[in-house]
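Coordinate analysis (summary)
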Amino acid sequence: MMCGVTGWIDWETDLRNEEATLRAMTGTLACRGPDDSGVLLSRHAALGHRRLAVIAPDDGAQPMGTTAGDGPRTVLTYNGELYNYPELRRELRALGHEFRTRSDTEVVLRAHLQWGADAPRRFNGIFAYALWDDRRQELLLVRDHLGVKPLYWHPHASGVLFGSEPKAVLAHPLFHAELDAEGIAELFALPAAPTAGHGVFRGLYEVLPGQTVTVRRGATRTALYWRPTARAHPDDPATTRETVRALLADTVERQLLSDVPLCTLLSGGVDSSAVTALAAAARERAGHSKVTSFSVDFPGSADRAPDAWRTSADAPFVQAAAEHIGTLHTSVLIPDDDLLEARDAVLRARDRPGWGEMDASLHLLFREVRRRSTVALSGEAADEIFGGYPYFHDPAALAADTFPWLHGRTTPAALLRPEVAAEVRPEEYTAEQYRRSLDGVPRLEGEEGADRRIREIFHLALTRWLPPLLERVDRVSMSVGLEVRVPFCDHRLVDYVANVPWAVKTPGGRSKGLLRDAVRDLLPPQVADRPKSGYPSTPAVRYTEVLTARAHELLADSQAPVFDLVDRETVRRALAEGRPLPSPRTAPNPVGGLDHLVQVDEWLRAYRVRLR
């Protein structure tokens, strides 16, 4: 079940009297769980839950605790889908466990009773949850292998606060919306490569992908239960293709498990088309109806000139894929005015400045999808795993001593006021974060040269590039109560493909050639061989005009909080000369910098952010 979780641990306060505070925290997550809510209060632990019922809709209310017969009470508040829960349920039954519900939530709870902290190693799914052990007086926070589902936490003097989104922690009076030098660096120097585990607000952290955080009185311990490994790849190219196909088919079929309507997001690229085709084949074998699919489009998109990131319009390829696979397809057309109206909704969804009109269009797409489906399968993460982005194929970017997607780019840090830049040190911060990221690369003994470097690039893509993409999809989809599943984030597939040599991933120098060849028989040729084309941005003229007008209004406002950070005259000169402002996005977008400037100001005001 896709849900919202939150809680408060405090060893110096009797939390049985704090229901109002806990309900305020839980209430902020209502969009994540529109179907039900629940709270549990004990002396030192208060847990909240909002539920979006996907499996066993009439079962599995949370927070879920063990019964008295199981010994001291253990309580779970869980957000996720466990795709292998039927197998685990059978295994746990054989070990003597009795189940009161049909939900995967109870499987997670009983897996921990059986295997303790080793339980997540057995899970296949997307999840983020908190487990309170009353006997040990111990909180365990857990996040899935790739970090598809979010979980934030804030240590305070006598305990910890946590929540699926920052807004849940912000609802507690102990936590304040403050931005320090590191947060400023995140927003302006590294918006496309955020620091692992940092939640932008001062004192707010994310549980890392594949990580557990254990909190006891006076002690907090973190540990990784999973990370990609480095090992020799023994399979020949044919076996590699067969293995990739088998793994992807298995994970797509697992992720079709749902008791509510399900669809796919179809962009006309090889990634989403492969997921859709595999889903259609699995449903046909099971005797189910055709797959429903959705795409997004904008007025005038067919006339937009291609670039390195968007090589072609989606519509013709979407049509070819939908007809070939046989889906029940809907194209969602999004006009300018709707984009402008959605800006506030996506800011509130993300709790931080995001990607402007690209977030807004995704929100509007998901809103339409949610009218007919509760679950959607996406092709997200295939480019990170199979090397589909332009920077994987740019020798200069690969050779650069920085994150390859930042090579040759100017970030919004160029707009900072001189005294702010002196405090934040954006160039030094970026260099330090890059060095730290490389320290975590799994190494294969004897691997040198190009192979060693490409392993580093894949690690950077998985740990620094992919997280903000997954965050965006989670936040925007859950803001309308839609669960998005990402088959390419199956940790078995990621671990296997991470060790495939670059020459096998790109046979004949073809970008994502391994994936293309593994699914070629499922797709029309023009879709299987379509070059990478990123998520579309709108060619909207009105959107740009409105943002430009707002930027001029900010320049005339002597109290605009964004200019506590940004140099007013630098912005004024750029607008007067018709130059685009530096964008936080890597993909070319002339309005991206304006979007960022205006949204930072909106965020500082709406969240009453204090600068430290």
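Description of the structure in this document. Here the structure is a predicted model, which means the values were calculated and not measured.

1. Digging into the overall build of the protein
Helices and strands together make up the secondary structure of the protein, namely 23 helices and 19 strands. Against the globule reference of 25 Å for 612 residues, the protein gives a C-alpha radius of gyration of 24 Å, in line with a compact fold. Its C-alpha atoms put the protein at 75 × 60 × 55 Å along the principal axes. The proportion of buried residues among the 612 residues of the protein is 61%. Considering only contacts within the protein whose residues lie at least 6 apart along the sequence, 74% involve residues at least 24 apart.

2. Things to note about helix α11 (residues 357-370)
Think of an α-helix as 3.6 residues a turn; residues three or four steps apart then line up on the same face. The first and last C-alpha atoms of α11 sit 20 Å apart over 14 residues, in line with the 20 Å expected at 1.5 Å per residue. Within α11, 11 of the 14 residues are buried, leaving the element largely enclosed by the surrounding structure. Listed as buried for α11 are Glu357, Met358, Asp359, Ala360, Ser361, Leu362, His363, Leu364, Leu365, Phe366 and Val369.

3. Considering the sheet that holds strand β15 (residues 292-297)
Two modes of strand pairing occur in sheets, parallel and antiparallel, and in both the strands are linked by backbone hydrogen bonds. On the basis of which strands lie adjacent, the open sheet formed by five strands has the order β16-β15-β14-β17-β18 and parallel pairing. Of all the strands in the sheet, just β16 (328-333) and β18 (483-485) have a single pairing partner and so form its edges. Neighbour to neighbour, the strand axes of the sheet diverge by 30° on average, direction disregarded. In this sheet, β18 lies alongside strand β17 (residues 375-377) in parallel orientation, the contact comprising three bridges. Note that in β18 the partner of alanine 376 across the bridge is valine 484.

4. Describing the packing of helix α10 (residues 343-350) against helix α23 (residues 592-606)
Interhelical geometry of α10 versus α23 gives an angle of 65° and a closest axis separation of 11 Å. Pair α10 / α23 crosses with right-handed handedness. Between α10, through Arg343, Val346, Leu347 and Arg348, and α23, the contact on the second element is made entirely by Asp595, Val598, Gln599, Glu602, Trp603 and Ala606. Across the contact of α10 with α23, the residue classes tally to five nonpolar, one polar and four charged.

5. Re the side chain of arginine 464
Relative to the assigned elements, arginine 464 resides in helix α16 (residues 449-478). Although arginine 464 is buried, it makes no salt bridge; glutamate 186 carries the closest opposite charge, 5.1 Å away. At 2.8 Å, the side chain of arginine 464 and the backbone oxygen of proline 194 are in polar contact.

6. Observations concerning the pairing of strand β5 (residues 74-82)
The buried fraction of β5 amounts to nine of the nine residues, a majority that puts the element mostly inside the structure. The side-chain alternation of β5 yields two buried faces, one formed by Thr74, Leu76, Tyr78, Gly80 and Leu82 and the other by Val75, Thr77, Asn79 and Glu81. Sheet analysis places strand β4 (residues 64-65) next to β5, joined by two bridges and oriented antiparallel. Residue methionine 64 lies in a different strand from β5, and its bridge partner there is leucine 76. Looking at chain direction, β5 and strand β6 (residues 125-133) are connected through nine bridges and run antiparallel. Within β6, the position partnered with valine 75 by the bridge is tryptophan 132.

7. So, the packing of helix α6 (residues 237-254) against helix α17 (residues 491-498)
Where α6 contacts α17, the two axes come as close as 9 Å, and the packing angle between them is 165°. Viewed along their axes, α6 and α17 adopt a mutual orientation that is roughly antiparallel. For the element pair α6 and α17, the recorded crossing hand is left-handed. Between α6 and α17, the residues in contact are Thr239, Thr240, Thr243, Val244, Leu247, Leu248, Asp250, Thr251 and Arg254 and Arg492, Leu493, Tyr496 and Val497, respectively.

8. A few points about the sheet that holds β6
Spatial strand order, β4-β5-β6-β7-β12-β13: six strands in an open sheet with antiparallel pairing. One side of each edge strand has no neighbouring strand; the edge strands of this open sheet are β4 and β13 (219-224). Sheet topology places strand β12 (residues 211-216) next to β13; six bridges connect them, and they run antiparallel. When the sheet's bridge partners are listed, threonine 212 is paired in β13 with alanine 223. Against the sheet, helix α3 (residues 104-115) touches β4, β5, β6 and β7 (138-143), its axis set at about 125° to β5.

9. Comments concerning the packing of aromatic side chains
Counting across every chain of the model gives 19 aromatic pairs. Taken together, a centroid distance of 5.9 Å and an interplanar angle of 55° make the contact between tyrosine 78 and tyrosine 129 tilted. Linking tyrosine 78 in strand β5 with tyrosine 129 in strand β6, this pair joins segments that are 51 residues apart in sequence. Pair check on accessibility: tyrosine 78 and tyrosine 129 agree, each one buried. Here the aromatic rings of phenylalanine 201 and tryptophan 603 are separated by 5.5 Å at their centres, their planes lie at 45°, and the arrangement is tilted. With phenylalanine 201 in the loop between α5 (181-188) and β11 (205-206) and tryptophan 603 in helix α23, the pair connects residues that are 402 residues apart, well separated along the chain. Residue tryptophan 603 is classed as buried on the basis of its relative accessible area of 0%. An aromatic cluster of at least three residues, connected via ring pairs, comprises Tyr389, Tyr391, Phe392, Phe403, Trp405, Tyr434, Phe458, Trp465 and Trp502.

Quick notes on the rules
Residues numbered from 1 in each chain as written. Predicted model: local features only at pLDDT ≥ 70, side-chain atom pairs only at ≥ 80, totals over all residues. Heavy atoms only, no water. Helix = DSSP H or I, 4+ residues; strand = E, 2+ residues; numbered from the N terminus. Rg over C-alpha atoms; globule rule 2.2 N^0.38 Å. Buried < 20%, exposed > 50% of the residue type's maximum accessible area, 1.4 Å probe, protein only. Contact = heavy atoms within 4.5 Å. Expected span 1.5 Å × (residues − 1). Pairing = 2+ DSSP bridges. Axes fitted to C-alpha atoms, helices over the stretch in contact; angles between N-to-C directions. Left-handed = near helix turned anticlockwise from the far one by under 90°. Nonpolar A, V, L, I, M, F, W, Y, C, P; charged D, E, K, R; others polar. Lys, Arg positive; Asp, Glu negative; His and termini not counted. Salt bridge = Lys/Arg side-chain N within 4 Å of Asp/Glu carboxyl O. Polar contact = N/O pair within 3.5 Å; in protein donor to acceptor, adjacent residues only side chain to side chain. Parallel < 35°, antiparallel > 145°, perpendicular 65-115°, else oblique. Phe/Tyr/Trp six-rings, centres within 6.5 Å; stacked < 30°, edge-to-face > 60°.

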